[in-house]
Amino acid sequence: MPASQSPFAKLIENNLRVGAVLHKHCDFTTPPKNKFLVVASLEPRLLVLLINSEINQFYFQEGLDHFHVPLPEAEHKFLAHDSYASCIEAHTAFDCSQIRQEVLNDYVNVFKGWLTDECLEAVYHAVKGNNMIRKGHQKEIIASIEGQLTHLHTAF
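What comes next is a walk through the structure. (Residues numbered from 1 in each chain as written. Predicted model: local features only at pLDDT ≥ 70, side-chain atom pairs only at ≥ 80, totals over all residues. Heavy atoms only, no water.)

1. Some points on the packing of helix H5 (residues 117–128) against helix H6 (residues 135–148)
So, point 1. Taken N-terminus to C-terminus, the directions of H5 and H6 make an angle of 155°; their axes are 10 Å apart at the nearest point. Regarding the angle of H5 to H6, the classification is roughly antiparallel. In the crossing of H5 with H6, the sense of the turn from one axis to the other is left-handed. Only Gln138, Ile141, Ile142, Ile145, Glu146 and Gln148 of H6 make contact with H5, whose side of the interface consists of Leu120, Val123, Tyr124, Val127 and Lys128.
So, point 2. Residue composition of the contact of H5 with H6, by class: 7 nonpolar, 2 polar and 2 charged. (Axes fitted to C-alpha atoms, helices over the stretch in contact; angles between N-to-C directions. Helix = DSSP H or I, 4+ residues; strand = E, 2+ residues; numbered from the N terminus. Parallel < 35°, antiparallel > 145°, perpendicular 65-115°, else oblique. Left-handed = near helix turned anticlockwise from the far one by under 90°. Contact = heavy atoms within 4.5 Å. Nonpolar A, V, L, I, M, F, W, Y, C, P; charged D, E, K, R; others polar.)

2. Some words on the packing of helix H1 (residues 7–15) against helix H3 (residues 96–105)
So, point 1. Their axes nearest at 10 Å, the elements H1 and H3 cross at an angle of 125°. The orientation of H1 relative to H3 falls into the category oblique. The two elements H1 and H3 cross, and the hand of that crossing is right-handed. Between H1 and H3, the contacting residues are Phe8, Ala9, Ile12 and Glu13 on the first element and Arg100, Val103 and Leu104 on the second.
So, point 2. Tallied by class, residues from the contact of H1 with H3 come to 5 nonpolar, no polar and 2 charged.

3. Describing the environment of Ala143
So, point 1. The topology assignment puts Ala143 in helix H6.
So, point 2. As a C-alpha pair, Ala143 and Cys96 span 47 residues in sequence and 17 Å in three-dimensional space.

4. A short note on the pairing of strand E5 (residues 83–86)
The side chains of a regular strand alternate, residue by residue, between the two faces of the sheet.
So, point 1. Pairing of strand E3 (residues 47–52) with E5, which is carried by 2 bridges, proceeds in the antiparallel orientation. By the bridge assignment for E5, Ile51 is matched with Ala85.
So, point 2. Bridge analysis of strand E4 (residues 68–71) against E5 gives 4 bridges, and the strand direction is antiparallel. Looking at E5, one finds that Pro70 is bridged to Tyr84. (Pairing = 2+ DSSP bridges.)

Here it is as structure tokens:
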């Protein structure tokens, strides 16, 4: 961190970590809309997972509903209702430096909080057990969450 960095910028740097939840407009959703996103990895690139208010019926029919981690509203006050982190696919739609600047410029509207450690661990296991997610994304997310929740780290 630069020595001239403001205390607020340092706070942003500390808060923007794996498990952080952001609220952003997503052009890659159908239709494009504002979504809650979980930061799943920051290095070597920003990977996010979508938070949805319900699980699409398609995932139940295909037996993929277990790749959606329940996020209770009672434990995540930024949510208006119980929701789900979709661990089916990670998205690379945002640049990390751009997100940091957006959080710095509009903290209250962009940064919403963090997943509980229990929910982040459930995301870890869902991603680890998902053989459909891109392998590079899967490895980055597993390593990133292990870095955040050090008790998960296992030697290979």
